[in-house]
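# An overview of the molecular structure
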Amino acid sequence: MGHGHWDDNAYAAAKTFRAAKGEDDFGYTADLRSKPAKEWKVAPALDPLNAVRECRDSADHSDSTPIAVLFDVTGSMRRVPRIMQGKLGKLHGLLKRRGYLADPQVLFGAIGDADSDRVPLQVGQFESDNRMDEQLRTMFLEGGGGGQKSESYELAAYFMARHVVTDAWQNRGRKGYLFIIGDELNKPALEARHIRRVIGDDVREDIDPASVYRELARKWHVYFVLPNQSSYYNDPQIGEHWSELLGQNFLKLDDPGAVCELIAATIGLEERVVDVDRALADLADVGSVAESKAVGKALAKLGTKSVVTSAVPEAGGPSDVVLR
Amino acid sequence: MTLLDGHVVVVGLGFGDEGKGAVVDALCAARPTTAVVRFNGGAQAAHNVVVDGRHHTFSQFGAGTFAGVPTHLSRFVLVEPFALAAEARRLEAVGVRNPLSLLSVDGRALLTTPFHIHANRAREEARGVNRHGSCGKGIGETVWYSLLPGAAPGDVVESQEVIGTPGEAPTVADCARPSVLRRKLDALARFYAPLATPPHSVDELVALYRDFAGAVRITDGDETGRLADSGRLVFEGAQGALLDQFHGFHPHTTWSTTTPHNARTLLGGRPHTVVGVTRTYLTRHGAGPLPTESAAVLARFPEAHNEIGEFQGAWRAGHLDAALLDYAIAACDGVDALAVTHLDATGLKVVPRDGSPAVDLPDPLAWFGARLPVAVMGYGPDRAGYRVAEARSTINA
């Protein structure tokens, strides 16, 4: 992975032609929904079973930075991938043209509920060209989940910790960016049977979700974004839960339409390329004036963070694929 | 019945920017029209139309779109899907609903791809100060590549060296045949690799062009003939007769037949009226001769919609030139009537014959009318400023 270039024109043209044909941007979802539920399954390209995702440098992209965006796709959260799809060009343009990152590579994933969904986890591949649009559109927006105020975020976190290899980390000791976008709690435990069924690892004991996030934080800047569209937006339990796991990296976002902008601004800030004011001005420049307000609010506490550092590779060289 | 009730062919009599778009729009708004047929050029056309405060620079869509008239892109047109999609979005933004549904394209029309565009720009950049004034949109490159089958590396075709092994030129019909298209694009990529490589993979283009083929109606056979038999057509020329590939001043020409000849071929002997469009003064973009060029004219008539193109160069202006006008009309093998635009310009001058000084032109309509009937008269790009002749007596007045 990692070859090729994102092209706004091609992305926009494809979208225009699909719209003229009357095709849904999320055609895979539309196809599956017309079939009985027992036939619903993850698209092969997004299946996490026995999979490893790689973010590699290439001749075109010698300084690749992995950006993983995993959405909760239950219920009303399905809007978020649609918003992302509409603004992908903007995300990429901001990161690249504004110099936030030289070689962003983006992976999309979708998170459901391993207890009740047919497709509880989907994870694409890191892409630097228009295939990132394609993998996003191939997601199945199952929209299940079930009222217990928790989704299988920890299952996704486990996959990202154990099944992703990045040159950024291996060669340069640089962390990648992981954004989890959702509105509920982790499950009380990461169940071994779900890991075996969905990811394929032979794990025999249930795992404490907090330990998964600790492991994950070694190689990733991990953020949880809670967009305002659910009844849980003002539920203090959600905020406490995620703040305990991720500290300041729990972000509340007033306007779910600004999630793409929030990701770009957060990266600009974390990379120390811009301060909050500059990031918001950049957003306004690319036409996201309304969104920049919501982003500004969400980032208020990040902007005052004292020190931001990348992890330093361990003595003896960068660690290998599998984390302990 | 007047000259304008039947099929009308609109051609520019200058170096482009005469006002063809506004004239086509006025003709479509004035009479029931079945379709606007584009008969030359490609995505480099820029025809400004303003209707009720809505402005669009028509490029591949016909300038009758605001009048609700569908567009047919004939086999003589070069089609660039990226630009077409962008134009469709701009049209939607100014209130045209599902513009792509208004479009049909002859399957034989050549495709302009990113390979052509990047090669065009690489060549023009290498020319430095000797630029041809190309728009950088791959038009000439598309035509040139289509002439190559049978040529070998090192051959010279149309005074340009063949840099690799050429394949067949991709056409619009290929967009619906992914395996054929892939083969042709692979050949194109290999051919142009020494000159320029666009950022797109062949896979990506095949997928995109297939979406394009699904979004527009692709026709085969004599679609223009079928349309012509079902109602009135307006043929919209691009560029101007003075840029014509055979009659223009080399190398500052476009690789396109800008005279009415393609339209006549498409009409297959059906009766029609040729309307030649001219401003009350001369303009041109970029390099090339403009004998009556005058800084004073340029200063008096600033352009709202014609900007300086990165590859095309500066916007220039000069006095009317009787010799050039007669030359352009002759290049068209005659025109039946004139459309005169920018009649709001004052203080005009004309150079009545080669070598003469410019003389005042207080009544441009009378001057043009003495040569040919004036069928359409107007101002800038706004439809409100146009008048279309109502009856033959008016035309001959």
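Residues numbered from 1 in each chain as written. Chains lettered and ligands numbered in written order. Predicted model: local features only at pLDDT ≥ 70, side-chain atom pairs only at ≥ 80, totals over all residues. Heavy atoms only, no water.

Applicable threshold: UniProt positions are given in the numbering used here, feature names are shortened, and annotations may be inferred rather than shown by experiment.
With an unreviewed UniProt entry as reference, chain B is termed Adenylosuccinate synthetase, source organism Amycolatopsis japonica. Under the UniProt heading Catalytic activity (unreviewed entry), the entry covering chain B gives this text: "IMP + L-aspartate + GTP = N(6)-(1,2-dicarboxyethyl)-AMP + GDP + phosphate + 2 H(+)". Recorded in UniProt for chain B, the comment headed Subunit (unreviewed entry) runs: "Homodimer."

Chain A is annotated in an unreviewed UniProt entry as VWA domain-containing protein from Amycolatopsis japonica.

### Here's the deal with the overall build of chain B
In plain terms, the rule: Strands here mean DSSP runs of E at least two residues long; helices mean DSSP runs of H or I at least four residues long; both are numbered from the N terminus. Only the C-alpha atoms count toward the radius of gyration. The rule for a globule is 2.2 Å times the residue count to the power 0.38. Accessibility here uses a 1.4 Å probe with only protein chains present; expressed as a share of the type maximum, an area under 20% marks a residue as buried, one over 50% as exposed, and anything in between as partly exposed. Computed by Shrake-Rupley with a 1.4 Å probe, the accessible areas treat only the displayed protein chains as cover when residues are assessed. A residue counts as positive if it is Lys or Arg and as negative if it is Asp or Glu; His and the chain ends are not included. Note that the charge is assigned to NZ on lysines, CZ on arginines, CG on aspartates and CD on glutamates.
In terms of regular secondary structure, chain B is built from 12 helices and 21 strands. Compactness check: chain B gives a C-alpha radius of gyration of 21 Å against a globular reference of 21 Å for 397 residues, within 12% of the reference. Dimensions along the principal axes, computed over C-alpha positions, put chain B at roughly 60 × 50 × 40 Å. A total of 397 residues make up chain B; the buried ones form 58% of that total. Carbon and sulfur atoms provide 53% of the accessible area of chain B, an area that totals close to 15100 Å². The distance from the centre of the 35 positive side-chain charges to the centre of the 41 negative ones in chain B is 2 Å.

### Observations regarding the UniProt feature "binding site: Mg(2+)" (unreviewed entry) in chain B
Under the UniProt annotation, the feature "binding site: Mg(2+)" (unreviewed entry) is placed at Asp17(B). With respect to the secondary-structure elements, Asp17(B) resides in the loop between strand S1 (7–12) and helix H1 (20–30).

### Some details on the environment of Val350(B)
Residues and elements named next belong to chain B. Short version of the rule: The contact definition used throughout considers only heavy atoms, calling two residues in contact when any of these lie within 4.5 Å.
Considering the arrangement of structural elements, one finds valine 350 in strand S18 (residues 349–351). Residue valine 350 is classed as buried on the basis of its relative accessible area, which comes to 2%. Expressed as a C-alpha distance, the spacing of valine 350 and aspartate 321, which sit 29 residues apart in the sequence, is 5.9 Å. Setting aside residues up to four positions removed in sequence, valine 350 forms contacts with Leu320, Ala322, Pro357, Ala358, Val359, Leu361 and Trp367.

### With respect to the packing of aromatic side chains
We count it as follows: Here is the rule: rings of Phe, Tyr and Trp (six-membered ring for Trp) pair when centre to centre is within 6.5 Å. Planes less than 30 degrees apart are stacked, more than 60 are edge-to-face, and the remainder are tilted. Definition used: whenever NZ (Lys) or CZ (Arg) falls within 6 Å of the ring centre and also within 35 degrees of the ring normal, the charge is taken to sit over that ring.
According to the stated counting rule, one finds 20 aromatic pairs over all chains in the structure shown. Centroid distance Tyr153(A) to Phe224(A): 5.5 Å. Interplanar angle 85°. Geometry classified as edge-to-face. In this pair, Tyr153(A) sits in helix H5 (residues 153–162) while Phe224(A) sits in strand S9 (residues 220–227), placing the two residues 71 residues apart along the sequence. Taken individually, Tyr153(A) and Phe224(A) each receive the classification buried, so the pair is uniform in this respect. Between the aromatic rings of Phe39(B) and Phe235(B), the centroid separation amounts to 6.5 Å while the plane-to-plane angle is 55°, which identifies the pairing as tilted. Pair noted here: Phe39(B) is in the loop between strand S2 (35–38) and strand S3 (47–51) and Phe235(B) is in strand S12 (residues 233–236), with a separation of 196 residues, a long-range link. Like Phe39(B), the residue Phe235(B) is buried in the burial classification. By the ring-pair criterion, three or more aromatic residues cluster together here, those being Tyr153(A), Tyr213(A), Phe224(A), Trp242(A) and Phe250(A). A cation over a ring is seen here: Lys252(A) above Tyr233(A), with NZ or CZ 4.6 Å from the ring centre. For Arg123(B), the ring lying beneath its charged end belongs to Trp144(B), and the centroid distance is 5.0 Å.

### Overview of the sheet that holds strand S7 (residues 103–106) of chain B
Residues and elements named next belong to chain B. Selection rule: In this analysis, strands are considered paired if DSSP registers two or more bridges between them.
Strand order in this open sheet of 10 strands is S11-S7-S5-S2-S12-S1-S13-S17-S20-S21, and the pairing throughout is mixed. Taken across any chain shown, the strands that pair with only one partner, and hence form the sheet edges, are strand S11 (217–219) and strand S21 (387–388). In this structure, S7 lies alongside S11, joined through 3 bridges in parallel fashion. Bridge pairing in S11 links serine 104 to arginine 217.

### A look at the sheet that holds strand S16 (residues 320–321) of chain B
Residues and elements named next belong to chain B. The mixed open sheet is built from 3 strands, whose spatial order is S16-S18-S19. This sheet does not close on itself; its edge strands, each paired only once, are S16 and strand S19 (359–360). Inspection of the sheet shows S18 paired to S19 by 2 bridges, in the antiparallel sense. Paired with valine 350 across the bridge in S19 is valine 359.

### Points about the pairing of S1(B)
Residue and element names in this part refer to chain B. Taking burial as the measure, the 6 residues of S1 include 6 buried ones, the bulk of the element. Burial along S1 is two-sided: the face carrying His7, Val9 and Val11 and the face carrying Val8, Val10 and Gly12 are both buried. Pairing of S1 with strand S13 (residues 272–279) involves 6 bridges; the strand directions are parallel. The partner of valine 8 across the bridge, within S13, is threonine 273.

### Some thoughts on the confidence of the model for chain A
All names here are of chain A. For clarity, the cut-off: Per-residue confidence from the predictor is given as pLDDT, running between 0 and 100.
Per-residue pLDDT for chain A averages 85, and the proportion of residues at 70 or more is 90%. Element-level mean pLDDT values for chain A span from 82 in helix H3 (residues 79–97) up to 97 in H5. Segment residues 306–324: pLDDT under 50, and 33 contacts once partners within four positions in sequence are set aside and those in other chains are kept.

### Quick look at the domain arrangement of chain B
Residues and elements named next belong to chain B. Put simply, the rule reads: Where a domain begins and ends is set by an automatic assignment or by a domain database. When two components associate, each loses some accessible surface as probed by a 1.4 Å sphere; the sum of these losses over both components is called the buried area. A side-chain nitrogen of Lys or Arg and a carboxyl oxygen of Asp or Glu constitute a salt bridge if their distance falls within 4 Å. Two N or O atoms count as a polar contact when they lie within 3.5 Å, although within protein this holds only if one can serve as hydrogen donor and the other as acceptor, and sequence-adjacent residues are included solely when both atoms are side-chain atoms. For this classification, the nonpolar set comprises Ala, Val, Leu, Ile, Met, Phe, Trp, Tyr, Cys and Pro, the charged set comprises Asp, Glu, Lys and Arg, and every other residue, Gly included, is treated as polar.
Taken domain by domain, chain B holds domain 1 (7–107 + 222–388) and domain 2 (110–219). The C-alpha centroid of domain 2 is placed 27 Å from the C-alpha centroid of domain 1. If you look at the interface, domain 1 gives 25 residues, while domain 2 gives 35 residues. Taking both sides of the interface into account, the surface hidden between domain 1 and domain 2 amounts to around 2700 Å²; carbon and sulfur atoms contribute 66%. Summed over the shared surface of domain 1 and domain 2, the result is 1 salt bridge. With a closest N to O distance of 3.2 Å, glutamate 223 and arginine 217 form a salt bridge. Along the contact surface separating domain 1 from domain 2 lie 9 residue pairs in polar contact (both at pLDDT 80 or more). Contributions of two or more residues to the side of domain 1 that touches domain 2 are made by strand S6 (78–79), helix H2 (81–93) and S7. With 4 residues, the single largest contributor to the side of domain 1 that touches domain 2 is S7. In terms of residue class, the side of domain 1 that touches domain 2 is built from 14 nonpolar, 7 polar and 4 charged.

### With respect to the interface of chain A and chain B
Contact with chain A, which involves 13 residues of that partner, is made by 16 residues of chain B. Contact with chain B buries area across many residues of chain A, yet Thr16(A), Phe17(A) and Lys21(A) alone supply 45% of it, more than any other trio. Across the contact surface, chain A and chain B share 1 salt bridge.

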